[in-house]
Amino acid sequence: MVDRAAEIRHPGEFRDVYYQVYREPPYCEGAAVADEFAERLVGHAALPGFSVTTVLDDGVLTGFAYGVRLEEGRWHPRASCRRLPR
């Protein structure tokens, strides 16, 4: 795992992987959405608590996962905040 923005030297690589995944159904996101993702990723990488894990195949980025710590009580706009049954 790599912390902070050091791993996001080439946001275009992350954009390309994102586009390969999300251009397919059921998402059908276009190139402009992938461009917006790359811009958001750079901004997220500058936030405290940013971490990213990457998957490389012969030095080529083929997958990634990242997260950003948010302040208590703040949720991503598309996240659900429901309680699971016990």
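Just above, that's the structure.
To start, this report covers the structure provided alongside it.

1. Details of the pairing of strand 2 (residues 51–57)
So, point 1. The pairing of strand 2 with strand 3 (residues 60–67) spans seven bridges and is antiparallel. Bridge assignment links Leu56 to a residue of strand 3, and that residue is Leu61.
So, point 2. Remark: two residues form the turn of the hairpin made by strand 2 and strand 3, two consecutive strands paired antiparallel; Asp58 in that turn has positive phi of roughly 55 degrees.

2. Topic: the packing of helix 1 (residues 11–22) against helix 2 (residues 31–45)
Helix packing geometry: the angle between the two helix axes and the distance between the axes.
So, point 1. Running from N to C, helix 1 and helix 2 point in directions that differ by 135 degrees, and their axes come no closer than 9 Å. Judged on the interaxial angle alone, helix 2 and helix 1 are oblique. In the crossing of helix 1 with helix 2, the sense of the turn from one axis to the other is right-handed. Contacts between helix 1 and helix 2 involve Pro11, Phe14, Arg15, Tyr18 and Tyr19 from the former and Ala31, Val33, Ala34, Asp35, Phe37, Ala38, Leu41 and Val42 from the latter.
So, point 2. For the contact of helix 1 with helix 2, a count of residues per class yields 11 nonpolar, no polar and two charged.

3. A word on unusual backbone geometry
So, point 1. In this structure, the amide linkage connecting Pro25 to the following residue, Pro26, adopts the cis form with an omega of 10 degrees.
So, point 2. For Cys28, which is not glycine, the phi torsion reads 55 degrees and is therefore positive.
So, point 3. Here Cys28 is to be found in the loop between helix 1 and helix 2.
So, point 4. In this model, Asp58 sits at a positive phi of 55 degrees, which is unusual for a non-glycine residue.
So, point 5. Within the fold, Asp58 resides in the loop between strand 2 and strand 3.
So, point 6. On the basis of relative accessibility, which here comes to 78%, the residue Asp58 falls in the exposed class.

4. Observations concerning the packing of aromatic side chains
Two numbers describe a pair of aromatic rings. These are the distance of the centres and the angle of the planes.
So, point 1. This model, assessed by the stated rule, comprises seven aromatic pairs.
So, point 2. For the ring pair Tyr18 and Phe37, a centre distance of 4.3 Å and an interplane angle of 10 degrees mean the geometry is stacked. Of this pair, Tyr18 sits in helix 1 while Phe37 sits in helix 2; the two residues are 19 residues apart in sequence, bridging distant segments of the chain.
So, point 3. A relative accessible area of 5% places Phe37 in the buried class.
So, point 4. With centroids separated by 5.5 Å and ring planes inclined at 40 degrees, the aromatic side chains of Phe50 and Tyr66 adopt a geometry described as tilted. Residue Phe50 is found in the loop between helix 2 and strand 2, and its partner Tyr66 is found in strand 3; the two are separated by 16 residues along the sequence.
So, point 5. According to the relative accessible area criterion, Phe50 is buried, its value standing at 2%.
So, point 6. An aromatic cluster is present here, built from Phe14, Tyr18, Tyr22, Tyr27, Phe37, Phe50, Phe64 and Tyr66 joined pairwise through their rings.
So, point 7. For the cation-ring pair, Arg15 lies above Tyr19, with the distance from its terminal atom to the ring centre recorded as 5.1 Å.

Cut-offs used in this document
Residues numbered from 1 in each chain as written. Predicted model: local features only at pLDDT ≥ 70, side-chain atom pairs only at ≥ 80, totals over all residues. Heavy atoms only, no water. Pairing = 2+ DSSP bridges. Helix = DSSP H or I, 4+ residues; strand = E, 2+ residues; numbered from the N terminus. Axes fitted to C-alpha atoms, helices over the stretch in contact; angles between N-to-C directions. Parallel < 35°, antiparallel > 145°, perpendicular 65-115°, else oblique. Left-handed = near helix turned anticlockwise from the far one by under 90°. Contact = heavy atoms within 4.5 Å. Nonpolar A, V, L, I, M, F, W, Y, C, P; charged D, E, K, R; others polar. Buried < 20%, exposed > 50% of the residue type's maximum accessible area, 1.4 Å probe, protein only. Phe/Tyr/Trp six-rings, centres within 6.5 Å; stacked < 30°, edge-to-face > 60°. Lys NZ or Arg CZ within 6 Å of the ring centre and 35° of its normal.

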